[in-house]
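One-letter residues, chain by chain:
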Amino acid sequence: MASKAAPSCRLVFCLLISAAVLRPGLGWYTVNSAYGDTIIMPCRVDVPQNLMFGKWKYEKPDGSPVFIAFRSSTKKSVQYDDVPEYKDRLNLSENYTLSISNAKISDEKRFVCMLVTEDDVFEAPTVVKVFKQPSKPEIVSKAPFLETDKLKKLGECISKDSYPDGNITWYRNGKVLQPLEGAVVIIFRKQMDSVTQLYTMTSSLEYKTTKADIQMPFTCSVTYYGPSGQKTVYSEQAVFDIYYPTEQVTIQVLPSKNAIKEGDNITLKCLGNGNPPPEEFLFYLPGQPEGIRSSNTYTLTDVKRNATGDYKCSLVDKKSMTASAAITVHYLDLSLNPSGEVTKQIGDALPVSCTISASRNATVVWMKDNVKLRSSPSFSSLHYQDAGNYVCETALQEVEGLKKRESLTLIVEGKPQIKMTKKTDPSGLSKTIICHVEGFPKPAIQWTITGSGSVINQTEESPYINGRYYSKIIISPEENVTLTCTAENQLERTVNSLNVSAISIPEHDEADEISDENKEKVNDQAKLIVGIVVGLLLAALVAGVVYWLYMKKSKTASKHVNKDLGNMEENKKLEENNHKTEA
């Protein structure tokens, strides 16, 4: 029995050794797996009826085999070889499918499934490929700013933990950046971790920027291969601050240069269009050849009209680059002559002038006692009603707050003037005596009866308006009397007397004094009457012309028409007679 067993053992060993030869019809088979997933490799050989056992092995780089799993067809038992890198990671099913958990880069090998019978060995190879998706690319070591026309490192794009290694691409505003001598320099490098065998890819970009790159986004991407083919992952956008020199200088005037007036503060602000903007400038004032070095603002306080002129500013290191602004300091002068409180006598002449001096045309308004006048006042002969508070006010409409005003308080004085009138009541039982007084300051009125010298206190007075008022008494004298009216103010004392007959004696009444207000009403009524008369005359003239034209036309008409007109005239007269009868 021992002699027979030995040949059998030698046959199995020989079959295993010769299994390296592939059988016809079984080509290379590849299994793709993601890093960390479970690798599943089916044994692509039909299980024979007289199967003894099945084994899995992998091949080293030198071609020598390493057995890792064994399964008997009779005992249904599974044995795993003592291979450290596959400890607790293998699983061999009943159909001889081999599973490897937690796929690693080192699992990229050529595995072979072997089914052994007493007569033969069936072998099916499988190649394992493992893929690892890299991390999302990120732009790091970014430049704080870029300068125009200078080649400068923009940053680095980095992507980690890739297998196999990937490729990095740079983009400007979504378009691929290609290397360009002196303008675009791209340096790519990769590094593999000796433990994980994963790659880290890094790409640095040096870029020569222009003003066209302001607010332009830069991105990068990594392209890699996975189990399902090629894929690309993009980084977040990065926008860089672009530095460029100042090409133009502008100057601003605050407040608006059209509204500057004497006493204002002016702030000059100089701006450069570079990035970063200039922080210092030279300011040139009118008539001063040397500039004043300052920040981007320069303030003048309490300016006067002589500050009008051209103001300039320039760069400190480039004085030829300047900007200028013409500034007008608006002014407004007003001179009123006379002004303040002025006292004149009635009938005097008083010339009044309001002289304006301004940086541009100004509006002038006259007011008397807060009422706007239509024209400037002029006094050739003063009246009491001319007294009052006059204000001359001027302003520049375009310049807010630029107004001037002067006032004149006019006092018109006059000695008391007296006129007395009398009127008999229609009933004949009393007489009204009126003492009309004119003067300023207001005269005091006193009545006395000549002979007795007694003072009459029971009087009625009118309001004091425009230097005039009156005092009125009503008496019923039984005999002839003389009434005396005395008016007195600070200037003079005036006396006037009037003889009044007894109530029983008829006498001629004197007309009342007409006030200024009533005079104006009379004048207005006279004007109205004249207007009405002129209108009537014009209407009569038009009617006469129309009648003459009508008669001229009637003479040239036919007899038939004359007859009809005669009939119509007769009918008209009959109708008029009928109307008169009815009336």
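Model, not experiment: these values are computed from the prediction.

Student: For this particular structure, what's the right way to read the overall build of the protein chain?
Tutor: Check the secondary structure of the protein chain and you find three helices and 41 strands. Taken across its 583 residues, the protein chain has 35% of its residues classed as buried. Residue pairs in contact within the protein chain that sit at least 24 positions apart in sequence constitute 60% of those at least 6 positions apart. Looking at the protein chain as shown, the accessible area adds up to about 35,400 Å², and 51% of this sits on carbon and sulfur atoms.

Student: Teacher, can you tell me more about the pattern of salt bridges here?
Tutor: Across all of its chains, the model carries 22 salt bridges by this definition. For the salt bridge of glutamate 85 with lysine 109, the shortest nitrogen-to-oxygen distance reads 3.3 Å. Of the two residues, glutamate 85 sits in the loop between strand 5 (78-80) and strand 6 (90-92) while lysine 109 sits in the loop between strand 7 (98-100) and strand 8 (110-117), which places them 24 residues apart along the sequence. Among the residues examined, lysine 109 registers a relative accessible area of 15% and is labelled buried. When the shortest N-O distance is used, the salt bridge between arginine 305 and glutamate 262 registers 2.9 Å. With a gap of 43 residues between them, arginine 305 in the loop between strand 25 (297-300) and strand 26 (309-315) and glutamate 262 in the loop between strand 21 (249-254) and strand 22 (266-272) connect regions that are remote in the sequence.

Student: I'm lost on the pairing of strand 18 (residues 229-234) in this one. Help?
Tutor: If a strand is regular, its side chains alternate between the two faces of the sheet. Here strand 17 (residues 217-226) pairs with strand 18 via six bridges, running antiparallel. Residue pairing for strand 18: glycine 226 is matched across the bridge by glycine 229. Linkage of strand 17 to strand 18, two consecutive antiparallel strands, is achieved through a turn of two residues.

Student: Is there a simple way to explain the confidence of the model for the protein chain in this structure?
Tutor: Interpreting fine coordinate detail is not advised for predicted regions of low pLDDT. On average, residues of the protein chain carry a pLDDT of 84, and 84% of them reach 70 or more. Note that residues 1-25 has pLDDT below 50 and, in this model, 24 contacts with residues that lie over four places away or in other chains. A low-confidence stretch, residues 514-524 (pLDDT under 50), is modelled with five contacts involving residues beyond four sequence positions or located in other chains.

Student: How should I be thinking about a nonpolar patch on the surface in this particular structure?
Tutor: On the surface, Leu541, Val545 and Leu549 cluster together into a nonpolar patch covering about 280 Å² of accessible area. Looking at the secondary structure, you find leucine 549 in helix 2 (residues 516-555).

Student: Help me out: how do you make sense of the sheet that holds strand 5 in this one?
Tutor: Hydrogen bonds between backbone atoms are what pair the strands of a sheet, whose relative direction is either parallel or antiparallel. If you trace the six strands from one edge of the open sheet to the other, you get 1-9-8-3-4-5, paired in mixed fashion. With one partner strand each, in any of the chains shown, strand 1 (30-34) and strand 5 form the two edges of the open sheet. Taking each pair of neighbouring strands and ignoring which way they run, the sheet shows an average axis angle of 25°. Note: strand 8 against strand 9 (residues 121-131), seven bridges, orientation antiparallel. Looking at the pairing, leucine 115 lines up with phenylalanine 122 of strand 9.

Student: Sorry if this is basic, but what is going on with the packing of aromatic side chains here?
Tutor: The geometry of an aromatic ring pair is captured by the separation of the ring centres together with the interplanar angle, meaning the angle of the planes. The tally for this structure, following the rule as stated, stands at twelve aromatic pairs. Seen in terms of ring centroids, phenylalanine 145 and tyrosine 243 are 4.0 Å apart; in terms of plane orientation they differ by 10°. Their pairing is stacked. Note that phenylalanine 145 is positioned in the loop between strand 10 (138-140) and strand 11 (146-147) and tyrosine 243 in strand 20 (residues 242-243), a separation of 98 residues in sequence. Here phenylalanine 145 falls in the partly exposed class, since its relative accessible area comes to 23%. Seen from their ring centres, tyrosine 207 and phenylalanine 218 are 5.3 Å apart, and the 75° between their planes marks the pair as edge-to-face. Of this pair, tyrosine 207 sits in strand 16 (residues 199-208) while phenylalanine 218 sits in strand 17; the two residues are eleven residues apart in sequence, bridging distant segments of the chain. Taking the relative accessible area as the measure of exposure, phenylalanine 218 reaches 1% and is therefore buried.

Definitions and cut-offs
Residues numbered from 1 in each chain as written. Predicted model: local features only at pLDDT ≥ 70, side-chain atom pairs only at ≥ 80, totals over all residues. Heavy atoms only, no water. Helix = DSSP H or I, 4+ residues; strand = E, 2+ residues; numbered from the N terminus. Buried < 20%, exposed > 50% of the residue type's maximum accessible area, 1.4 Å probe, protein only. Contact = heavy atoms within 4.5 Å. Areas by Shrake-Rupley, 256 points an atom, 1.4 Å probe, with all protein chains shown as cover. Salt bridge = Lys/Arg side-chain N within 4 Å of Asp/Glu carboxyl O. Pairing = 2+ DSSP bridges. pLDDT = per-residue confidence, 0-100. Patch = residues over 30% accessible without salt bridge, like charges linked within 9 Å, V, L, I, M, F, W, Y side chains within 5 Å. Axes fitted to C-alpha atoms, helices over the stretch in contact; angles between N-to-C directions. Phe/Tyr/Trp six-rings, centres within 6.5 Å; stacked < 30°, edge-to-face > 60°.

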